[in-house]
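# Analysis of the macromolecular model
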Amino acid sequence: MKEAVIVDAVRTPFGKYNGSFRDTHPQDLAAAPLQALQERNGFDPGIVDDVMYGCVKPVFEQGSDIGRIASMVAGWGDEVPGFQLDRLCGSGQQTINLAAANVRAGFSDVVVAGGVEHMTRVPMSSNRSDGASTAEPDMSETYFEHFDEITHQGESAERVAEKWDFSRRELDEIAVESQRRWKRAHDEGRFDDQLVPVETELDGETIVVEEDEHPRPGTDVDSLSDLPPAFRDDGEGVIHAGNSSGIVDGSSAVLVTSRETAREYGWEPMARIVQTEVVGVDPVLMLTGPIPATEQILEKADMVPSDIDLFEVNEAFASVIAAWLEETGLSWEDTNVNGGAIAHGHPLGATGSALITKLAHELERTGQDRALSTMCIAFGQGVATIIERV
């Protein structure tokens, strides 16, 4: 079996809701990482066997197979195939796991995997037939023959906090630390090698977006205490806008090949994709997937937690991180070291590949060996990936 390696990994800045990307077509946003990968690694697009793009709302401007369209918008011609994949919040990470599987099996030699989500132009309710809020998913009556209840992710985050007895202050401290870590990473230039500046139009003028727009590095626990609960109106809720992931626009992509192919093209791989995993969990308490995903991927890889140097756990909500830390016993100091989605935002289909992008670059920066990325997924799933610096 071949080894699947990451040659390069990039992401766009994440634009805040209705921010600098509000006039940018999602297809152009999706194309930006592809163009950057080509420019940085000097390849003929004709060698790309497939473009795999995660997208959680693949409708309207993000519909019609944005993975295929992104490659054409990037100027890659008509011979490069592509497709879109929806495993909800885990979509961008799932494309990398699938790319690795194809390369390891010998079915593909060069794959670009990633994702895009333009949450301003294609809002979260866009794929609802009735246009209703995603807080009330539209389910078949047959679903309720098997499950007694349906919840949305915000309510699930509240129930996770209740189950593990997390106070609002504990969760707000996680949120503040995410902002602090992002600022440190930004100020030290840790994102410079992975961020792709995007030239676009805004209000009729040409601009270049170079930095994440969502972070609020001046946040502290006291300022968060004034925010009302976002999902409960009984005054008892602990989840609010400040300890939840941000609604943003962005895309990311990773160049995945076999080690032999990398050698053929003179590429120096960043990391090897060691193992992948996906799990299912209770769809009501749906955000606990990273816990068994972490445990099972370590077992499959014949590793113990101390074999991993860095962790990324998507900060969909602070309670997700808190529960994962509580159950795994792993170190907060080794987790989300450069801040997470509470700070920089969570462009649904792009986040998974962005997390792996962050880890691959951080392994190179620090000289550490292994990293694990995991995400919670709506309706009760978890996805995980282990990578190892080459």
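Everything quoted here is computed from the prediction, not taken from an experiment. (Residues numbered from 1 in each chain as written. Predicted model: local features only at pLDDT ≥ 70, side-chain atom pairs only at ≥ 80, totals over all residues. Heavy atoms only, no water.)

### As for the packing of aromatic side chains
This model, assessed by the stated rule, comprises 8 aromatic pairs. Ring centres of Phe 231 and Phe 317 lie 6.0 Å apart, and the angle between their planes is 75°; this geometry places the pair in the edge-to-face category. Taken together, the residues Phe 231 in the loop between helix H6 (221-224) and strand E8 (248-258) and Phe 317 in the loop between strand E10 (310-313) and helix H9 (318-328) connect sequence positions 86 residues apart. By the ring-pair criterion, three or more aromatic residues cluster together here, those being Phe 43, Trp 76, Tyr 265 and Trp 267. The ring of Trp 164 has Lys 163 lying over it, and the distance from NZ or CZ to the ring centre is 5.4 Å. (Phe/Tyr/Trp six-rings, centres within 6.5 Å; stacked < 30°, edge-to-face > 60°. Helix = DSSP H or I, 4+ residues; strand = E, 2+ residues; numbered from the N terminus. Lys NZ or Arg CZ within 6 Å of the ring centre and 35° of its normal.)

### Examining the side chain of Ser 258
Here Ser 258 lies in strand E8. Within the local environment of Ser 258, its side chain forms a polar contact with the side chain of Thr 261, the two groups lying 2.8 Å apart. Apart from residues lying up to four places away in sequence, Ser 258 is in contact with Lys 2, Glu 3, Val 5, Val 103 and Asp 109. (Polar contact = N/O pair within 3.5 Å; in protein donor to acceptor, adjacent residues only side chain to side chain. Contact = heavy atoms within 4.5 Å.)

### Some remarks on the UniProt feature "domain: Thiolase C-terminal" (unreviewed entry) in the protein chain
In the numbering adopted here, UniProt assigns the feature "domain: Thiolase C-terminal" (unreviewed entry) to residues 268-389. Between the C-alpha atoms that bound residues 268-389 the distance is 11 Å, and the span itself is 37% helix and 25% strand. (UniProt positions renumbered as here; feature names shortened; annotations may be inferred.)

### Structural notes on the packing of helix H3 (residues 91-105) against helix H11 (residues 348-366)
Close contact between H3 and H11 brings their axes to 4 Å; oriented N to C, the two are set at 60°. Judged by the inter-axis angle, H3 sits oblique to H11. Where H3 approaches H11, its residues Ser 91, Gly 92, Gln 93 and Ile 96 are matched on the opposing element by Gly 349, Gly 352, Ser 353 and Ile 356. Its residues assigned to classes, the contact of H3 with H11 comprises 2 nonpolar, 6 polar and no charged. (Axes fitted to C-alpha atoms, helices over the stretch in contact; angles between N-to-C directions. Parallel < 35°, antiparallel > 145°, perpendicular 65-115°, else oblique. Nonpolar A, V, L, I, M, F, W, Y, C, P; charged D, E, K, R; others polar.)

### What about the pattern of salt bridges?
The full count for this structure, using the stated rule, is 25 salt bridges. Here Arg 11 makes a salt bridge to Asp 212, at a shortest N to O gap of 2.9 Å. You can see Arg 11 sitting in strand E1 (residues 4-11) and its partner Asp 212 sitting in the loop between strand E7 (205-209) and H6, a full 201 residues away along the chain. Here Arg 11 and Asp 212 have matching classes, each one buried. (Salt bridge = Lys/Arg side-chain N within 4 Å of Asp/Glu carboxyl O. Buried < 20%, exposed > 50% of the residue type's maximum accessible area, 1.4 Å probe, protein only.)

### A few points about the nonpolar core
Core analysis: the largest hydrophobic core is formed by 44 residues, its most contacted members being Leu 171, Leu 287 and Ile 386. Sort the elements by how many residues they give to this core and H9 lands first, with 7 residues. Counting 32 residues, the second-largest nonpolar core is a separate cluster that includes Leu 29, Val 80, Val 112 and Trp 267. (Core = buried A, V, L, I, M, F, W, Y, C linked by side-chain atoms within 4.5 Å.)

### Brief notes about helix H5 (residues 168-187)
Because the α-helix completes a turn every 3.6 residues, residues three or four places apart line up on one side. Its 20 residues place the ends of H5 29 Å apart at the C-alpha level, agreeing with the 28 Å of an ideal helix rising 1.5 Å per residue. Listed in full, the buried residues belonging to H5 are Arg 168, Leu 171, Asp 172, Ile 174, Ala 175, Val 176, Glu 177, Ser 178, Gln 179, Arg 181, Trp 182 and Ala 185. Taken from the residues just after H5, Gly 189 is the one with a positive phi, measuring 75°. (Expected span 1.5 Å × (residues − 1).)

### Re unusual backbone geometry
Positive phi values are uncommon outside glycine, yet Leu 88 reaches one of about 50°. Relative to the helices and strands, Leu 88 resides in the loop between strand E4 (82-85) and H3. Residues other than glycine seldom take positive phi values, yet Asn 336 does so here, at roughly 50°.

### Here's the deal with the environment of Lys 163
As for its position among the elements, Lys 163 is in helix H4 (residues 153-163). Residue Lys 163 is classed as exposed on the basis of its relative accessible area, which comes to 55%. A sequence separation of 218 residues divides Lys 163 from Gln 381, and the C-alpha atoms of the two residues are 18 Å apart.

### A word on the side chain of Ser 353
Mapped onto the secondary structure, Ser 353 falls in helix H11. By relative accessible area, which is 0% here, Ser 353 ends up buried. Residues in contact with Ser 353, not counting those within four places in the same chain, are Gly 92, Gln 93, Ile 96, Ala 113, Gly 114, Gly 115, Ser 252 and Val 254.

### Observations regarding the environment of Glu 199
Counting through the fold element by element, Glu 199 comes out in strand E6 (residues 198-202). We classify Glu 199 as exposed; its relative accessible area is 64%. C-alpha of Glu 199 to C-alpha of Met 72: the two residues are 127 residues apart in sequence and 18 Å apart in space. With residues near it in sequence (within four places) discarded, Glu 199 still touches Thr 206, Ile 207 and Val 208.

### Side note on the environment of Glu 210
Relative to the helices and strands, Glu 210 resides in the loop between E7 and H6. A sequence separation of 196 residues divides Glu 210 from Phe 14, and the C-alpha atoms of the two residues are 9.2 Å apart. Filtering out sequence-adjacent residues up to four positions away, Glu 210 remains in contact with Pro 13, Leu 195 and Pro 197.

### A word on the pairing of E10
For a regular strand, side chains alternate in direction, first toward one face of the sheet and then toward the other. Of the two faces of E10, the one holding Leu 310 and Glu 312 and the one holding Phe 311 and Val 313 are both buried throughout. For E10 and strand E11 (residues 370-377), the ladder comprises 4 bridges, and the chain directions are parallel. Residue Leu 310 lies in a different strand from E11, and its bridge partner there is Ala 371. (Pairing = 2+ DSSP bridges.)

### Looking at a nonpolar patch on the surface
On the surface, Tyr 17, Met 124 and Ile 247 cluster together into a nonpolar patch covering about 270 Å² of accessible area. Looking at the secondary structure, you find Met 124 in the loop between strand E5 (110-118) and H4. (Patch = residues over 30% accessible without salt bridge, like charges linked within 9 Å, V, L, I, M, F, W, Y side chains within 5 Å. Areas by Shrake-Rupley, 256 points an atom, 1.4 Å probe, with all protein chains shown as cover.)

### Observations concerning a negative patch on the surface
Residues Asp 165, Glu 170, Glu 295, Glu 326 and Glu 327 make up a contiguous surface patch of negative charge. The residue Glu 295 is located in helix H8 (residues 290-300) in this model. Look at Glu 295 and you get partly exposed, because its relative accessible area is 44%. (Lys, Arg positive; Asp, Glu negative; His and termini not counted. Charge placed at Lys NZ, Arg CZ, Asp CG, Glu CD.)

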